[in-house]
Every structure is written in structure tokens, then in C-alpha cells.
Amino acid sequence: MENKISVSLIQEVMEEAYETFKNNNEGANANYIPFLANVPSDLFGIAICLQSGKILKVGDTSFVFGIESVSKVPTAILILKQYGAEKVVQMIGADATGLPFNSIFAILLENDHPSTPLVNAGAIAACSMVLPAGDNKQKWDAITENIEQLCGSAPVLLEELYKSESETNFNNRAISWLLKNYNRIYDDPMSSLDLYTRQCSLGITAEQLAIMSGTIANDGINPVTGKIIFDSAYASKITSMIASVGFYQHTGDWLYESGLPAKTGVGGGVMGVYPGIFGISAFAPPLDSAGNSVKAQLAIKFIMNKLKLNIFNNDRPVITE
Ligand code: GLU
């Protein structure tokens, strides 16, 4: 069956989602990173980037917030580009942990097999893999240039967030040394952690995140700039990683309810990839107990369900002007 959806209907449903959930005050800002605790809790925005490059948005879609764990996605793409799909799965893996994002237990359980670049341990390992080895300045440039290409505009470093996170990232320091213990980190542990902390402290808008998701959904071609950012073969690889672990220990529930591979961050951002159709993002700082934005989840699920969209259905939507 063909599900024909007009652009104006998508915009209408986005606005309905916004109105329905804007006054929801469940959840709380991340409090283990002092900077994030102080971001206004009522911010809320939703954006969609269509394959045509058209951007639909509602709410606070130009507010610059901490990208946090959503940054794990572009850096996973960068190492796929630098090493190829086979090496990435050998050196890190593509497995769901079923455990919280910062789990040390997951490393102990899988010490013979690294998990995925989309949880803290694998993301720190991914930063250690970024080329050229041993040169954090050039590695940082590679990370930020890659994000700039995926979004079509540059992210900004939120210096205060970086400072706040660097002063309090004791759990991530333990993860980095444990990776070293298992020979699963491929550059200096503390400089790899510094790169990871810096990438998490990048500021991004919901609109930029929607374009990044749109680029993945569009097989590596940025729908807005028209530039080829990565080989189309990696689009399904990164989307499978997002689908399997994007909501950490709640990923199965999320997929079941939303029908959309998506990745969260404790800054309140969520990016979702609907292959061949669109990229979607939502942003709202208050999080549930697993560290996922309450309103972003509600809004994306509402839009997917209302438009009868689900990547596991066989009726491909056709978006009309
Ligand atoms: N920078 C955060 C951390 O490493 C990111 C966590 C997240 O967004 O899930 O703790």
C-alpha cells in the first residue's frame, strides 16, 4: 500500500506534537554535568529534513545545545570512512550492550568483544582511532570538519560545557583506563578521552541535527548542500548501529513504539533516521531515568504514529509537495 503524505500535513502534525507536549514537565535536566543542569528546561524544538533538502521546523530549533552522545554518530561515520566497515566491527564492534551509556559492567562482560561506537566505551575507542594517530589537533579538526559536512554548517565548542564535563568525567576516565587494560583503545587513553569530552561539548541546533540525520537517510549525500559526505555503503552500517543501541537499555522499547532508529544525548537532543525518507530531530532538556529526552521521545513517536510511519512496515511513504 502506498502512504501518500503531503509536506503541509507533516508540518501540521509537527505543530500538533509541539502543542500537545510543550507543557509536559516530566523528567529533569542531566544533573551529573553541572552546565547541563542550568539549561532552561522549557526549551523544545522539532525539525525534519526531507530528501529534497526542505527543512520543516517548529519551536526552538535554532537554540544551540550540547550535542553530547549524539556526537557518537558522526565520529562513528568518520572512522567508517577512515577504516572501512570491516575494521570498525573488528576493532570496536556493533553490538547492543543492553546497559546504560556509561556502563563499566558492559566492558567487563564483553572484554573479548568491544561493543559499539555508540556507547561511551566504544565512542572513546572511536576517538582513539581517528586519524592521524597521536595528533589531537588534527584529529579534532577531522572530527569537527566531518560534523560540519554532515550538518552543512559548523558546530561551535561550548567552552563552559567542556570545562564542566572535563572536571567531572571520573567515570569516563575509569572507562578509558579499563579499555587500555583490554588493549581496546588505540591511542593515548587520556588524550582520546579529551577528544571525546570535547566532541560531546559541541553546540548544535535541532535544525543542524535534522540535516545530519537527513544526510544519513539520503545515503551519505547532504540533502541541503548536495555534497557527497560519505560512501552510501556506510549509511546502512551507521543506521543499524543507531537502531540497535540508540536508546541504550531502552532501545527495544523505543523501536517497538516509534518504528524509527534514533540516537539520544543527555543534552536533550534526539536524531532519527528514516532511510530514503527523512531525517528528524527533537530537542528538550528534561530526561527520563535512562538519560533520554522525555519530550523529544513523545514528539517523535507522536509524529511517526500519526503519519503511520514505521520503518518495519512495507508501505513506503511517498512525500508530495
Ligand atoms: N558526555 C556524556 C557522558 O559521557 C554523554 C552521555 C550521553 O549523552 O548519553 O557522560
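Conventions and cut-offs
Residues numbered from 1 in each chain as written. Predicted model: local features only at pLDDT ≥ 70, side-chain atom pairs only at ≥ 80, totals over all residues. Heavy atoms only, no water. Near = heavy atom within 4 Å. Polar contact = N/O pair within 3.5 Å; in protein donor to acceptor, adjacent residues only side chain to side chain. Areas by Shrake-Rupley, 256 points an atom, 1.4 Å probe, with all protein chains shown as cover. Nonpolar A, V, L, I, M, F, W, Y, C, P; charged D, E, K, R; others polar. Salt bridge = Lys/Arg side-chain N within 4 Å of Asp/Glu carboxyl O. Helix = DSSP H or I, 4+ residues; strand = E, 2+ residues; numbered from the N terminus. Buried < 20%, exposed > 50% of the residue type's maximum accessible area, 1.4 Å probe, protein only. Axes fitted to C-alpha atoms, helices over the stretch in contact; angles between N-to-C directions. Parallel < 35°, antiparallel > 145°, perpendicular 65-115°, else oblique. Contact = heavy atoms within 4.5 Å.

## What to know about the site of the ligand
Inspection of the region around the ligand gives Tyr 32, Glu 68, Ser 69, Phe 101, Asn 120, Glu 165, Asn 172, Tyr 196, Cys 200, Tyr 248, Gly 265 and Val 266 as its neighbouring residues. Taking Tyr 32, its side chain carries an N or O atom lying 2.7 Å from an oxygen atom of the ligand. Interatomic distance of 3.0 Å between a side-chain N/O atom of Asn 120 and an oxygen atom of the ligand. Coverage of the ligand by the protein chains reaches 98% of its 300 Å² of free accessible surface. For the shell around the ligand, the per-class residue count stands at six nonpolar, four polar and two charged.

## Observations concerning the pattern of salt bridges
Tallied over the entire structure, the rule returns eight salt bridges. Lys 306 serves as the salt-bridge partner of Glu 16, at 3.0 Å between the closest nitrogen and oxygen. Of this pair, Glu 16 sits in helix α1 (residues 7-21) while Lys 306 is found in helix α14 (residues 294-306), placing the two residues 290 residues apart along the sequence. A relative accessible area of 44% means that Lys 306 is categorised as partly exposed.

## Notes on the packing of helix α6 (residues 120-129) against helix α10 (residues 189-200)
Remark: α6 packs on α10, axes separated minimally by 8 Å, with the N-to-C direction vectors making an angle of 110 degrees. Viewed along their axes, α6 and α10 adopt a mutual orientation that is roughly perpendicular. Of α10, the residues touching α6 (which contributes Asn 120, Ala 123, Ile 124, Cys 127 and Ser 128) are Ser 192, Leu 193, Leu 195, Tyr 196 and Gln 199. Taken together, the residues of the contact of α6 with α10 break down into six nonpolar, four polar and no charged.

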